[in-house]
Amino acid sequence: MGLDPVVLFFVFGLVAGLLKSELKLPAALYETLSIILLLAIGLHGGVELAQQASLQLLGQSALVLALGVLLPILAFVLLRGLRFDRVNAAAVAAHYGSVSAGTFAVVVAYMLAKGVEFESYMPLFVAILEIPAILVGIVLAKGISRETHWGELGREIFLGKSIMLLLGGLVIGAIAGKEAIKPLEPLYTSMFKPVLAFFLLEMGLIASGQLGALKQFGLRLVGFALLMPLLGALIGALLARFMGLSLGGTAMLATLAASASYIAVPAAMRLALPEANPSLSLTASLGITFPFNILIGIPLYLALAERLIAWGF
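How each quantity is defined
- Residues numbered from 1 in each chain as written.
- Predicted model: local features only at pLDDT ≥ 70, side-chain atom pairs only at ≥ 80, totals over all residues.
- Heavy atoms only, no water.
- 1 Å grid on protein atoms, 1.4 Å probe; cavity = no way out; pocket = protein on both sides within 12 Å on 5 of 7 lines; lining within 4 Å.
- Points joined across faces, edges and corners; volume = space filled by probe spheres on them.
- Helix = DSSP H or I, 4+ residues; strand = E, 2+ residues; numbered from the N terminus.
- Nonpolar A, V, L, I, M, F, W, Y, C, P; charged D, E, K, R; others polar.
- Salt bridge = Lys/Arg side-chain N within 4 Å of Asp/Glu carboxyl O.
- Buried < 20%, exposed > 50% of the residue type's maximum accessible area, 1.4 Å probe, protein only.
- Core = buried A, V, L, I, M, F, W, Y, C linked by side-chain atoms within 4.5 Å.
- Contact = heavy atoms within 4.5 Å.
- Expected span 1.5 Å × (residues − 1).
- pLDDT = per-residue confidence, 0-100.
- Patch = residues over 30% accessible without salt bridge, like charges linked within 9 Å, V, L, I, M, F, W, Y side chains within 5 Å.
- Areas by Shrake-Rupley, 256 points an atom, 1.4 Å probe, with all protein chains shown as cover.
- Phe/Tyr/Trp six-rings, centres within 6.5 Å; stacked < 30°, edge-to-face > 60°.
- Lys NZ or Arg CZ within 6 Å of the ring centre and 35° of its normal.
- Axes fitted to C-alpha atoms, helices over the stretch in contact; angles between N-to-C directions.
- Parallel < 35°, antiparallel > 145°, perpendicular 65-115°, else oblique.
- Left-handed = near helix turned anticlockwise from the far one by under 90°.

As recorded in an unreviewed UniProt entry, the protein goes by the name Sodium-dependent bicarbonate transport family permease, listed as coming from Ectopseudomonas alcaliphila.

If you want it as C-alpha coordinates, here you go:
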(Lines give C-alpha, C1' and ligand atoms only; values in the text may rest on other atoms or scores of the structure.)
Protein backbone atom coordinates (compact mmCIF):
# COMPACT_ATOMS: atom_id res chain seq x y z
CA MET A 1 0.00 0.00 0.00
CA GLY A 2 1.42 3.42 -1.04
CA LEU A 3 1.21 6.70 0.80
CA ASP A 4 -2.28 7.84 1.76
CA PRO A 5 -3.48 10.56 -0.65
CA VAL A 6 -3.87 13.04 2.22
CA VAL A 7 -0.16 12.60 3.01
CA LEU A 8 0.66 13.15 -0.66
CA PHE A 9 -1.10 16.52 -0.39
CA PHE A 10 1.44 17.43 2.31
CA VAL A 11 4.32 16.28 0.09
CA PHE A 12 2.86 18.34 -2.76
CA GLY A 13 2.73 21.45 -0.57
CA LEU A 14 6.25 20.83 0.74
CA VAL A 15 7.73 20.43 -2.75
CA ALA A 16 5.81 23.45 -4.08
CA GLY A 17 7.14 25.55 -1.21
CA LEU A 18 10.73 24.39 -1.69
CA LEU A 19 10.48 25.21 -5.40
CA LYS A 20 9.35 28.75 -4.47
CA SER A 21 6.01 28.23 -6.22
CA GLU A 22 3.40 30.99 -6.06
CA LEU A 23 0.88 28.45 -4.74
CA LYS A 24 -0.76 29.46 -1.48
CA LEU A 25 -4.12 29.01 0.18
CA PRO A 26 -6.05 32.05 1.41
CA ALA A 27 -5.43 32.65 5.11
CA ALA A 28 -9.18 32.58 5.80
CA LEU A 29 -9.47 29.14 4.18
CA TYR A 30 -6.63 27.73 6.29
CA GLU A 31 -8.33 29.08 9.45
CA THR A 32 -11.63 27.54 8.36
CA LEU A 33 -10.05 24.15 7.66
CA SER A 34 -8.34 24.04 11.07
CA ILE A 35 -11.60 24.98 12.82
CA ILE A 36 -13.52 22.23 10.99
CA LEU A 37 -10.86 19.61 11.79
CA LEU A 38 -10.66 20.45 15.49
CA LEU A 39 -14.45 20.59 15.88
CA ALA A 40 -14.89 17.33 14.00
CA ILE A 41 -12.34 15.56 16.21
CA GLY A 42 -14.00 16.96 19.33
CA LEU A 43 -17.56 16.11 18.25
CA HIS A 44 -16.68 12.52 17.40
CA GLY A 45 -14.84 12.08 20.68
CA GLY A 46 -17.70 13.63 22.65
CA VAL A 47 -20.30 11.31 21.16
CA GLU A 48 -18.25 8.27 22.12
CA LEU A 49 -17.26 9.72 25.48
CA ALA A 50 -20.95 9.93 26.44
CA GLN A 51 -21.22 6.19 25.85
CA GLN A 52 -17.96 5.14 27.50
CA ALA A 53 -17.42 7.50 30.47
CA SER A 54 -16.17 5.48 33.46
CA LEU A 55 -13.80 5.47 36.41
CA GLN A 56 -11.34 3.58 34.23
CA LEU A 57 -11.32 6.46 31.75
CA LEU A 58 -10.75 8.90 34.61
CA GLY A 59 -7.69 6.90 35.69
CA GLN A 60 -6.38 6.75 32.13
CA SER A 61 -6.81 10.51 31.82
CA ALA A 62 -4.70 11.02 34.95
CA LEU A 63 -1.92 8.89 33.46
CA VAL A 64 -2.06 10.85 30.21
CA LEU A 65 -1.79 14.06 32.22
CA ALA A 66 1.36 12.67 33.88
CA LEU A 67 2.70 11.88 30.39
CA GLY A 68 2.19 15.54 29.51
CA VAL A 69 4.44 16.49 32.45
CA LEU A 70 7.13 13.88 31.77
CA LEU A 71 7.66 14.55 28.05
CA PRO A 72 8.73 18.22 28.29
CA ILE A 73 11.11 17.39 31.15
CA LEU A 74 12.74 14.68 29.02
CA ALA A 75 12.92 17.04 26.03
CA PHE A 76 14.47 19.76 28.20
CA VAL A 77 17.19 17.39 29.48
CA LEU A 78 18.03 16.35 25.89
CA LEU A 79 18.17 19.94 24.67
CA ARG A 80 20.38 21.08 27.54
CA GLY A 81 22.65 18.11 26.79
CA LEU A 82 22.87 19.42 23.23
CA ARG A 83 24.00 22.79 24.64
CA PHE A 84 20.88 24.85 23.96
CA ASP A 85 20.42 27.72 26.41
CA ARG A 86 17.92 27.34 29.23
CA VAL A 87 15.13 29.56 27.91
CA ASN A 88 15.14 28.18 24.36
CA ALA A 89 15.47 24.61 25.65
CA ALA A 90 12.40 25.15 27.85
CA ALA A 91 10.40 26.75 25.02
CA VAL A 92 11.18 23.93 22.57
CA ALA A 93 10.52 21.33 25.29
CA ALA A 94 7.03 22.78 25.83
CA HIS A 95 6.25 22.22 22.14
CA TYR A 96 7.32 18.57 22.41
CA GLY A 97 5.38 17.91 25.59
CA SER A 98 2.23 19.15 23.90
CA VAL A 99 0.58 17.59 20.85
CA SER A 100 -0.13 18.28 17.20
CA ALA A 101 -3.83 18.20 16.36
CA GLY A 102 -2.84 17.98 12.68
CA THR A 103 -0.79 14.85 13.32
CA PHE A 104 -3.70 13.39 15.28
CA ALA A 105 -6.03 14.05 12.34
CA VAL A 106 -3.61 12.21 10.04
CA VAL A 107 -3.30 9.21 12.35
CA VAL A 108 -7.11 8.99 12.60
CA ALA A 109 -7.33 8.91 8.80
CA TYR A 110 -4.49 6.36 8.63
CA MET A 111 -6.11 3.99 11.13
CA LEU A 112 -9.47 4.21 9.36
CA ALA A 113 -7.81 3.48 6.00
CA LYS A 114 -6.02 0.48 7.53
CA GLY A 115 -9.19 -0.76 9.24
CA VAL A 116 -7.49 -0.62 12.65
CA GLU A 117 -9.96 0.03 15.47
CA PHE A 118 -9.09 2.40 18.32
CA GLU A 119 -10.67 3.88 21.42
CA SER A 120 -12.94 6.65 20.16
CA TYR A 121 -12.36 8.85 23.22
CA MET A 122 -8.77 9.57 22.10
CA PRO A 123 -9.66 13.25 21.35
CA LEU A 124 -10.02 13.68 25.11
CA PHE A 125 -6.33 12.77 25.46
CA VAL A 126 -5.44 15.36 22.81
CA ALA A 127 -7.11 18.07 24.90
CA ILE A 128 -5.44 16.82 28.10
CA LEU A 129 -1.96 16.80 26.55
CA GLU A 130 -2.27 20.37 25.22
CA ILE A 131 -2.06 22.00 28.65
CA PRO A 132 0.57 20.66 31.13
CA ALA A 133 3.59 21.02 28.84
CA ILE A 134 3.10 24.78 28.59
CA LEU A 135 3.15 25.15 32.36
CA VAL A 136 6.15 22.82 32.73
CA GLY A 137 8.04 24.74 30.04
CA ILE A 138 7.53 28.04 31.86
CA VAL A 139 8.68 26.59 35.19
CA LEU A 140 11.76 25.03 33.52
CA ALA A 141 12.66 28.42 32.05
CA LYS A 142 11.90 30.73 34.97
CA GLY A 143 10.95 28.76 38.03
CA ILE A 144 7.85 30.06 39.79
CA SER A 145 8.20 33.75 39.01
CA ARG A 146 6.11 36.72 40.10
CA GLU A 147 6.92 38.32 36.76
CA THR A 148 4.88 35.69 34.90
CA HIS A 149 1.40 37.01 34.07
CA TRP A 150 -0.39 33.82 35.04
CA GLY A 151 -3.88 35.23 34.50
CA GLU A 152 -3.17 36.32 30.94
CA LEU A 153 -1.28 33.10 30.27
CA GLY A 154 -4.10 30.97 31.69
CA ARG A 155 -6.52 32.74 29.38
CA GLU A 156 -4.29 31.99 26.39
CA ILE A 157 -3.96 28.32 27.39
CA PHE A 158 -7.53 27.49 28.32
CA LEU A 159 -9.37 29.89 26.00
CA GLY A 160 -7.05 29.51 23.01
CA LYS A 161 -8.57 28.36 19.74
CA SER A 162 -7.42 24.74 19.67
CA ILE A 163 -8.40 23.93 23.26
CA MET A 164 -11.75 25.71 22.98
CA LEU A 165 -12.66 23.93 19.74
CA LEU A 166 -11.64 20.49 21.01
CA LEU A 167 -13.35 20.88 24.38
CA GLY A 168 -16.38 22.59 22.82
CA GLY A 169 -16.79 19.73 20.36
CA LEU A 170 -16.35 17.16 23.15
CA VAL A 171 -19.01 18.82 25.31
CA ILE A 172 -21.49 19.26 22.44
CA GLY A 173 -21.02 15.67 21.30
CA ALA A 174 -21.36 14.32 24.84
CA ILE A 175 -24.50 16.33 25.60
CA ALA A 176 -26.23 15.78 22.24
CA GLY A 177 -25.44 12.07 21.95
CA LYS A 178 -25.15 9.83 18.91
CA GLU A 179 -28.70 10.16 17.54
CA ALA A 180 -28.98 13.95 17.81
CA ILE A 181 -25.56 14.51 16.28
CA LYS A 182 -26.28 12.42 13.14
CA PRO A 183 -26.93 15.44 10.85
CA LEU A 184 -23.38 16.60 11.68
CA GLU A 185 -21.74 13.19 11.18
CA PRO A 186 -20.30 14.12 7.75
CA LEU A 187 -17.91 16.46 9.60
CA TYR A 188 -16.01 13.46 10.93
CA THR A 189 -16.92 10.90 8.25
CA SER A 190 -17.22 11.80 4.55
CA MET A 191 -15.93 15.40 4.87
CA PHE A 192 -13.00 14.62 7.16
CA LYS A 193 -10.41 13.41 4.65
CA PRO A 194 -11.07 16.10 1.99
CA VAL A 195 -10.73 18.83 4.63
CA LEU A 196 -7.58 17.15 6.00
CA ALA A 197 -6.09 16.99 2.49
CA PHE A 198 -6.38 20.75 1.95
CA PHE A 199 -5.13 21.40 5.50
CA LEU A 200 -2.04 19.27 4.85
CA LEU A 201 -1.40 21.05 1.55
CA GLU A 202 -1.12 24.31 3.48
CA MET A 203 0.97 22.66 6.22
CA GLY A 204 3.41 21.47 3.54
CA LEU A 205 3.75 25.03 2.24
CA ILE A 206 4.31 26.35 5.77
CA ALA A 207 6.80 23.59 6.66
CA SER A 208 8.90 24.36 3.59
CA GLY A 209 9.39 27.88 4.89
CA GLN A 210 10.81 26.62 8.20
CA LEU A 211 13.61 24.53 6.73
CA GLY A 212 15.80 27.54 5.95
CA ALA A 213 16.44 28.03 9.67
CA LEU A 214 18.42 24.77 9.70
CA LYS A 215 21.42 26.71 8.41
CA GLN A 216 21.42 28.58 11.71
CA PHE A 217 20.76 25.70 14.14
CA GLY A 218 22.35 22.77 12.31
CA LEU A 219 22.58 19.09 13.11
CA ARG A 220 21.90 19.49 16.85
CA LEU A 221 18.35 20.61 16.12
CA VAL A 222 17.80 17.95 13.45
CA GLY A 223 19.07 15.26 15.80
CA PHE A 224 16.75 16.36 18.58
CA ALA A 225 13.73 16.76 16.28
CA LEU A 226 14.16 13.18 15.03
CA LEU A 227 15.19 11.52 18.32
CA MET A 228 12.52 13.05 20.56
CA PRO A 229 9.56 11.67 18.56
CA LEU A 230 11.02 8.17 18.75
CA LEU A 231 11.56 8.39 22.52
CA GLY A 232 8.13 9.93 23.01
CA ALA A 233 6.49 7.23 20.91
CA LEU A 234 8.16 4.47 22.91
CA ILE A 235 7.06 6.00 26.23
CA GLY A 236 3.55 6.62 24.91
CA ALA A 237 3.22 3.07 23.56
CA LEU A 238 4.44 1.51 26.82
CA LEU A 239 2.00 3.67 28.80
CA ALA A 240 -0.83 2.68 26.45
CA ARG A 241 -0.10 -1.01 27.01
CA PHE A 242 -0.06 -0.41 30.79
CA MET A 243 -3.46 1.29 30.41
CA GLY A 244 -4.79 -1.67 28.44
CA LEU A 245 -5.50 0.21 25.22
CA SER A 246 -6.15 -1.63 21.97
CA LEU A 247 -3.66 -1.93 19.09
CA GLY A 248 -5.05 1.22 17.48
CA GLY A 249 -5.20 3.08 20.77
CA THR A 250 -1.59 2.15 21.52
CA ALA A 251 -0.42 3.40 18.12
CA MET A 252 -2.43 6.61 18.54
CA LEU A 253 -1.11 7.42 22.02
CA ALA A 254 2.41 6.70 20.73
CA THR A 255 1.75 9.15 17.88
CA LEU A 256 0.44 11.80 20.26
CA ALA A 257 3.52 11.41 22.48
CA ALA A 258 5.73 11.67 19.37
CA SER A 259 4.08 14.82 18.03
CA ALA A 260 4.89 18.44 18.76
CA SER A 261 2.57 21.44 18.93
CA TYR A 262 2.78 24.23 16.38
CA ILE A 263 -0.49 26.07 17.18
CA ALA A 264 -1.34 26.34 20.88
CA VAL A 265 2.15 26.33 22.39
CA PRO A 266 3.74 28.99 20.12
CA ALA A 267 0.98 31.42 21.09
CA ALA A 268 1.46 30.71 24.80
CA MET A 269 5.26 30.92 24.57
CA ARG A 270 5.06 34.34 22.91
CA LEU A 271 3.31 35.56 26.06
CA ALA A 272 5.32 33.70 28.68
CA LEU A 273 8.82 33.60 27.15
CA PRO A 274 9.09 36.47 24.66
CA GLU A 275 12.88 36.20 24.80
CA ALA A 276 12.80 32.67 23.32
CA ASN A 277 13.54 32.28 19.61
CA PRO A 278 10.28 31.13 17.93
CA SER A 279 12.02 30.00 14.74
CA LEU A 280 13.95 27.41 16.76
CA SER A 281 10.73 25.78 18.02
CA LEU A 282 8.85 25.98 14.74
CA THR A 283 11.76 24.66 12.67
CA ALA A 284 11.97 21.62 14.94
CA SER A 285 8.24 20.94 15.42
CA LEU A 286 6.82 21.93 12.05
CA GLY A 287 9.82 21.76 9.72
CA ILE A 288 11.23 18.41 10.90
CA THR A 289 9.07 16.45 13.36
CA PHE A 290 5.70 16.96 11.64
CA PRO A 291 6.90 15.72 8.21
CA PHE A 292 8.80 12.84 9.85
CA ASN A 293 5.71 11.73 11.76
CA ILE A 294 3.24 11.78 8.90
CA LEU A 295 5.61 10.32 6.30
CA ILE A 296 7.48 7.73 8.38
CA GLY A 297 6.50 7.86 12.03
CA ILE A 298 2.84 6.81 12.04
CA PRO A 299 3.42 3.47 10.23
CA LEU A 300 6.44 2.95 12.50
CA TYR A 301 4.38 3.56 15.65
CA LEU A 302 1.70 1.11 14.49
CA ALA A 303 4.44 -1.49 13.93
CA LEU A 304 5.78 -0.73 17.42
CA ALA A 305 2.32 -1.29 18.91
CA GLU A 306 2.01 -4.60 17.05
CA ARG A 307 5.44 -5.68 18.32
CA LEU A 308 4.68 -4.80 21.94
CA ILE A 309 1.41 -6.74 21.83
CA ALA A 310 3.18 -9.72 20.22
CA TRP A 311 5.72 -9.63 23.06
CA GLY A 312 2.93 -9.74 25.62
CA PHE A 313 3.15 -6.16 26.90
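Participant: Got a sec to walk through empty space enclosed by the protein? Specific residues and values, please.
Facilitator: Under the definition given, this model contains two cavities of 30 Å³ or more. The computed volume of the largest cavity comes to approximately 50 Å³. Lining the largest cavity are S34, L37, L38, I41, A101, G102, A105, F199 and I263. If you list the elements that add at least two residues to the lining of the largest cavity, you get α2 (27-52) and α5 (101-114). Examining the composition of the lining of the largest cavity, we find that four residues originate from one element, α2, more than from any other. Residues belonging to the lining of the largest cavity are distributed by class as follows: seven nonpolar, two polar and no charged. Here the second largest cavity is characterised by a volume of approximately 50 Å³. If you go around the second largest cavity, the residues you meet are V99, S100, A101, E130, S162, S261, Y262, I263 and A264.

Participant: Quick one: what's the story with the pattern of salt bridges, residue by residue and with numbers?
Facilitator: Working definition: two side chains of opposite charge can pair if their charged atoms are close together. Taken as a whole and judged by the stated rule, the model has one salt bridge. We note a salt bridge from E179 to K182, for which the minimum N-O separation is 3.7 Å. Using a relative accessible area of 59% as the deciding quantity, one classes E179 as exposed.

Participant: Can you break down the nonpolar core residue by residue, with the values?
Facilitator: The biggest cluster of nonpolar side chains holds 99 residues, and the ones touching the most others in it are L196 and L253. Residue contacts for L196: discarding those within four places in its chain leaves V6, L37, A105, V106 and A109. In terms of nonpolar packing, the next biggest core, distinct from the first, is built from seven residues, A233, A237, F292 and L308 among them.

Participant: Now, about the environment of G169: what can you tell me, with residues and values included?
Facilitator: Tracing the sequence through the fold places G169 in helix α9 (residues 161-180). Residue classification places G169 among the buried positions, given a relative accessible area of 0%. Along the sequence, G169 and L43 sit 126 residues apart, while their C-alpha atoms lie 4.3 Å from each other.

Participant: For helix α3 (residues 55-81), give the residues involved together with the corresponding values.
Facilitator: The terminal C-alpha atoms of α3 lie 40 Å apart, and with 27 residues this matches the ideal 39 Å at 1.5 Å per residue to within 8%. When we look at burial in α3, the residues that qualify are L57, Q60, S61, V64, L67, G68, L71, P72, A75, F76 and L79. Looking one or two residues beyond α3, the residue adopting positive phi is R83, at roughly 70°.

Participant: If you had to explain the side chain of S281 to someone new, which residues and values would you point to?
Facilitator: Relative to the helices and strands, S281 resides in helix α14 (residues 278-310). Note on S281: relative accessible area 3%, which makes it buried.

Participant: Now, about the confidence of the model for the protein: what can you tell me, with residues and values included?
Facilitator: Scored by pLDDT, the protein has a mean of 86; 93% of the residues are at 70 or more. Least confident of the elements in the protein is helix α8 (residues 150-158), whose mean pLDDT is 66; most confident is helix α12 (residues 247-258), at 96.

Participant: Describe a nonpolar patch on the surface, listing the residues and the values that go with them.
Facilitator: Taken together, the side chains of L234, L238, W311 and F313 present a nonpolar region at the surface, about 440 Å² in accessible area. Among the structural elements, L238 can be located in helix α11 (residues 214-243). The exposure class assigned to L238 is partly exposed, which follows from its relative accessible area of 37%.

Participant: Outline the packing of aromatic side chains, supporting the account with residue identities and numerical values.
Facilitator: What the rule picks out here adds up to five aromatic pairs. The ring of F84 has R220 lying over it, and the distance from NZ or CZ to the ring centre is 4.6 Å.

Participant: Residue-level account of unusual backbone geometry, with values.
Facilitator: The phi angle at K20 is positive, at roughly 60°, despite the residue not being glycine. Within the secondary structure, K20 sits in the loop between α1 (5-18) and α2. Owing to a relative accessible area of 71%, K20 belongs among the exposed residues under this scheme.

Participant: Go over helix α7 (residues 132-142) with me, naming the residues and quoting the values.
Facilitator: By the criterion of burial, α7 is predominantly enclosed, with eight of the 11 residues buried. Buried within α7 we find P132, A133, I134, V136, G137, I138, L140 and A141. At the C-terminal side of α7, G143 shows a positive phi close to 75°.

Participant: Please give an account of the packing of α5 against helix α10 (residues 192-210) that cites residues and values.
Facilitator: Where α5 meets α10, the axes come as close as 11 Å, and the angle between the chain directions of the two elements is 135°. As summarised for this structure, α5 and α10 are arranged oblique, according to the angle between their axes. Relative to α10, the crossing made by α5 is left-handed. Residues G102, A105, V106, V108, A109 and A113 of α5 form the contact with α10, whose participating residues are F192, K193, L196, F199 and L200.

Participant: Got a sec to walk through the packing of helix α4 (residues 86-97) against α14? Specific residues and values, please.
Facilitator: The contact between α4 and α14 brings their axes to 8 Å, and the two run at 35°. Handedness of the α4/α14 crossing: right-handed. In contact with N88, A91, V92, H95 and Y96 of α4, α14 contributes L280, S281, A284, S285 and T289. Along the lines of polarity and charge, the residues of the contact of α4 with α14 split into five nonpolar, five polar and no charged.

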